[in-house]
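# Working through the structure, step by step
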Amino acid sequence: MITMNINGADRKVAASGDTPLLWVLRDELGLTGTKFGCGAGLCGACTVHLNGQPVRSCSVPVSAVGRSKVRTIEGLSKDRSHPVQVAWIQEQVPQCGYCQSGMIMATVALLERNPKPSDADIEQAVANICRCGTYQRVKRAIHRVSGT
């Protein structure tokens with residue numbers, strides 16, 4: 001058994017240490033907001049926070065998590081009231097929506113360390129792939145939250 005802190009609560013899972021965090025979140029804990037995209041840590045659909053830092057959960061084995069704090073999209077708010085989620089809705093960011101939880105998690109991490117990001121800051125920090133091409137709406141939503 002492995003004990004991890006997920007969204008503020010200790011959770012025990014029966015998983016091999018080399019199991020990617022993504023699969024533990026989705027299959028063992030039922031936290032399906034974190035999506036599988038490429039499986040190689042490139043697209044960002046699986047982005048979660050590990051001690052406040054955005055990580056690609058498909059590339060993080062649970063053995064590397066230890067006592068770190070993991071926050072998933074479900075841990076932002078119970079009712080989509082997090083300011084980034086609100087801005088996403090106001091700016092109508094999602095089209096298909098598949099990549100959006102990862103985009104939101106990358107954005108939250110950016111705004112927690114840089115509350116007034118420039119476009120260049122956004123492009124560097126939110127490098128997730130969106131096949132629908134909603135990048136301009138993502139920037140508008142981030143600027144809405146940051147007041148820039």
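Throughout what follows, the structure given in this document is the object of discussion.

What counts and what doesn't
- Residues numbered from 1 in each chain as written.
- Predicted model: local features only at pLDDT ≥ 70, side-chain atom pairs only at ≥ 80, totals over all residues.
- Heavy atoms only, no water.
- Helix = DSSP H or I, 4+ residues; strand = E, 2+ residues; numbered from the N terminus.
- Polar contact = N/O pair within 3.5 Å; in protein donor to acceptor, adjacent residues only side chain to side chain.
- Contact = heavy atoms within 4.5 Å.
- Pairing = 2+ DSSP bridges.
- Axes fitted to C-alpha atoms, helices over the stretch in contact; angles between N-to-C directions.
- Core = buried A, V, L, I, M, F, W, Y, C linked by side-chain atoms within 4.5 Å.
- Buried < 20%, exposed > 50% of the residue type's maximum accessible area, 1.4 Å probe, protein only.
- Salt bridge = Lys/Arg side-chain N within 4 Å of Asp/Glu carboxyl O.

## Focus: the side chain of histidine 49
Positionally, histidine 49 belongs in strand S3 (residues 47–50). A polar contact of 2.6 Å, which involves the side chain of histidine 49, links it to the backbone oxygen of methionine 105. Discounting chain neighbours no more than four positions away, the residues touching histidine 49 are Pro54, Lys69, Val70, Arg71, Met105, Val108, Ala109 and Glu112.

## Section: the sheet that holds strand S2 (residues 9–13)
Hydrogen bonds along the backbone pair up the strands of a sheet, which may run parallel or antiparallel. Ordered in space as S2-S1-S5-S3-S4, the five strands form an open sheet in which the pairing is mixed. This sheet does not close on itself; its edge strands, each paired only once, are S2 and strand S4 (53–56). Ignoring which end each strand starts from, the neighbouring axes of this sheet average 40° apart. Where strand S1 (residues 2–6) lies against S2, five bridges are found, and the strand directions are antiparallel. Directly across from threonine 3, in S2, lies its bridge partner lysine 12. Strand contacts of helix H1 (residues 21–28): S1, S2, S3 and strand S5 (69–71), with the helix running at about 85° to S1, the strand carrying the most contacts. In this fold helix H3 (residues 100–113) packs onto S3, S4 and S5, with an angle of close to 35° to the strand it touches most, S3.

## A word on the nonpolar core
If you look at the biggest cluster of nonpolar residues, it comprises 21 residues, and the most contacted ones within it are Trp88, Met103, Ile104, Val126, Val138 and Ile142. Of all the secondary structure elements, the ones that give two or more residues to this core are helix H2 (83–90), H3, helix H4 (119–125) and helix H5 (135–146). Here the element with the most residues in this core is H3; it accounts for seven residues. If sequence neighbours within four positions are ignored, valine 138 has contacts with Trp88, Val93, Met103 and Val126. Among the nonpolar cores identified, the runner-up in size contains 16 residues, and Ile2, Leu21, Leu29 and Leu31 belong to it.

## Describing the pattern of salt bridges
Enumeration over the complete set of coordinates arrives at five salt bridges. Here glutamate 112 makes a salt bridge to arginine 71, at a shortest N to O gap of 2.8 Å. Placement of glutamate 112 in helix H3 and of arginine 71 in strand S5 is noted, with a sequence separation of 41 residues between them. Between arginine 140 and glutamate 91 there is a salt bridge, and its shortest N-O distance comes to 3.1 Å. Note that arginine 140 is positioned in helix H5 and glutamate 91 in the loop between H2 and H3, a separation of 49 residues in sequence. For arginine 140, a relative accessible area of 42% puts it in the partly exposed group. The exposure class of glutamate 91 is buried, given its relative accessible area of 15%. Connected through shared salt-bridge partners, Glu91, Arg140 and Arg144 make up one network.

Structural measurements only, silent on function.
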